[in-house]
Amino acid sequence: MNDQPNLSALYGATGENATFLGLDRCEDLAALTAPIAIIGAPCATPYKYVGAYCRNAPDGLRRATAALAFNIDCHDFDSGGPVFPRRELRAVDCGDIAFDEADSEGNRAAIRAAVATILGRGAVPVVLGGDDSIPIPMLQGLGDTAGGRRFTILQIDAHIDWRPTHAGEFWGLSSTMRRASEMGHVERIIQVGQRGIGTATGQDWQDAKDWGVAFVGAERIHTEGLGTTLSLIPEGSEIVVCIDADALDPALIPGVIGRAPGGLTYYQTLGLIRGAAARGRIAMMDFVEFMPERDVDGLGAFTFARLITSALGVIARQRA
Ligand SMILES: [Mn+2]
């Protein structure tokens, strides 16, 4: 079936191997000058039984922006102006961090170093996974440059990711928020969107609450709106926003392994990102767990890529 009209071409799409939104490429992180750096991470620490199942997401998300790229300077109704209000506020695309399925330790070191370099250049890293093991070294990279500052994590995810270990692995995607809780520069964790059944046990749930995590489940987002969550973020916080694609409803993003009904909408998720930036400053973001091979007709890729685009607009507008 190759006879479909190329609708991307209608919007001026440039084809394969393009950057996210057609943004300029940054080849050398050490020479980064842009205020926002998009960087892909195909995986950090895959579980042996499933492998690096999200490794094709960074390029899949880049391809999904083809239809937006040509009109990137037009009025974006989700940003209240162009996505990037001024040319010097544009993000750059730094390509993908090298990944070796057989060398998780090396993958983590590479992610940690890349994020620390980006932060050292004064830019906001926006990391495109890959699976949810990626935020662990990403947060370590933040710690390397924290200099005594402490951070609030706003995790938006269907799952709490508080397993002590899983499948014999300490650094995997089911343990992300527990690993975060063990880091000295993580002051506060707010977790939003949980629902259904994941790998969490009752003990994991209790441990997280005992640590002091503030939870707002998906059902409460639907019934109470966003104010409950946003009021948990102290004014002036430096915030890391961690977004798992399965936080959104699977009708919007089918391309995830753990589909669960009752997920967040696009505007609820964007509202949380905007609200976070209004309460404090977004220091770093990740978008993980999108799996192109599980998607339906590119729908989830486009929705997730559109959410990332809107997040870039929020970061570009926040106070320095
Ligand atoms: Mn997760």
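Just so you know, these numbers come straight off a predicted model, no measurement behind them.

A. Fine view of the environment of Phe304. In this structure, Phe304 sits in helix H11 (residues 299–317). On the basis of relative accessibility, which here comes to 0%, the residue Phe304 falls in the buried class. Counting along the chain gives 51 residues from Phe304 to Ile253, while the straight-line C-alpha distance between them is 7.1 Å. Those residues within four positions of Phe304 in sequence are excluded, and the remaining contacts are Leu61, Ile243, Ala245, Ile253, Phe287, Val288 and Phe290.

B. Spotlight on the coordination of the manganese ion. At 2.1 to 2.4 Å from the manganese ion lie its protein donor atoms, namely Asp132 (OD), Asp157 (OD), Asp161 (OD) and Asp244 (OD). When the donors of the manganese ion are listed by position in the chain, the intervening gaps give D-x24-D-x3-D-x82-D. Separated by 112 residues along the polypeptide, Asp132 in the loop between strand S3 (124–129) and helix H5 (135–144) and Asp244 in strand S7 (residues 238–244) bring together distant segments of the chain.

C. Representation of the pairing of S3. Most of S3 is tucked away, with six of its six residues classed as buried. Residues of S3 alternate between two faces, with Val124, Val126 and Leu128 on one and Pro125, Val127 and Gly129 on the opposite face, all of them buried. Taken together, the three bridges between S3 and strand S8 (residues 281–288) define a ladder with parallel strand orientation. The residue of S8 that forms the bridge with Val127 is Asp286.

D. Here's a closer look at the side chain of Thr303. Note on placement: Thr303 falls in helix H11. Taking the relative accessible area as the measure of exposure, Thr303 reaches 13% and is therefore buried. In this structure Thr303 touches Leu252 and Ile253, once residues within four positions along its chain are discounted.

E. Looking closely at the nonpolar core. Membership of the largest hydrophobic core comes to 55 residues, with the highest contact counts inside it found for Phe84, Phe287 and Phe304. At ten residues, H11 tops the list of elements feeding residues into this core.

F. Quick peek at the pattern of salt bridges. In this structure the tally under the stated criterion is 16 salt bridges. Between Arg90 and Asp73 there is a salt bridge, with the nearest N and O atoms lying 2.9 Å from each other. Taken together, the residues span a long stretch of sequence, with Arg90 in the loop between helix H3 (66–69) and strand S2 (91–96) and Asp73 in the loop between H3 and S2 at a distance of 17 residues. The salt bridge partner of Glu187 is Arg188, with a shortest N-O separation of 3.9 Å. What makes Arg188 partly exposed here is its relative accessible area of 24%. Connected via shared salt-bridge partners are Asp59, Arg62, Asp93 and Asp96.

Definitions and limits used
- Residues numbered from 1 in each chain as written.
- Predicted model: local features only at pLDDT ≥ 70, side-chain atom pairs only at ≥ 80, totals over all residues.
- Heavy atoms only, no water.
- Helix = DSSP H or I, 4+ residues; strand = E, 2+ residues; numbered from the N terminus.
- Buried < 20%, exposed > 50% of the residue type's maximum accessible area, 1.4 Å probe, protein only.
- Contact = heavy atoms within 4.5 Å.
- Donors = N, O, S within 2.8 Å, 3.2 Å for Na, K, Ca; no water.
- Pairing = 2+ DSSP bridges.
- Core = buried A, V, L, I, M, F, W, Y, C linked by side-chain atoms within 4.5 Å.
- Salt bridge = Lys/Arg side-chain N within 4 Å of Asp/Glu carboxyl O.

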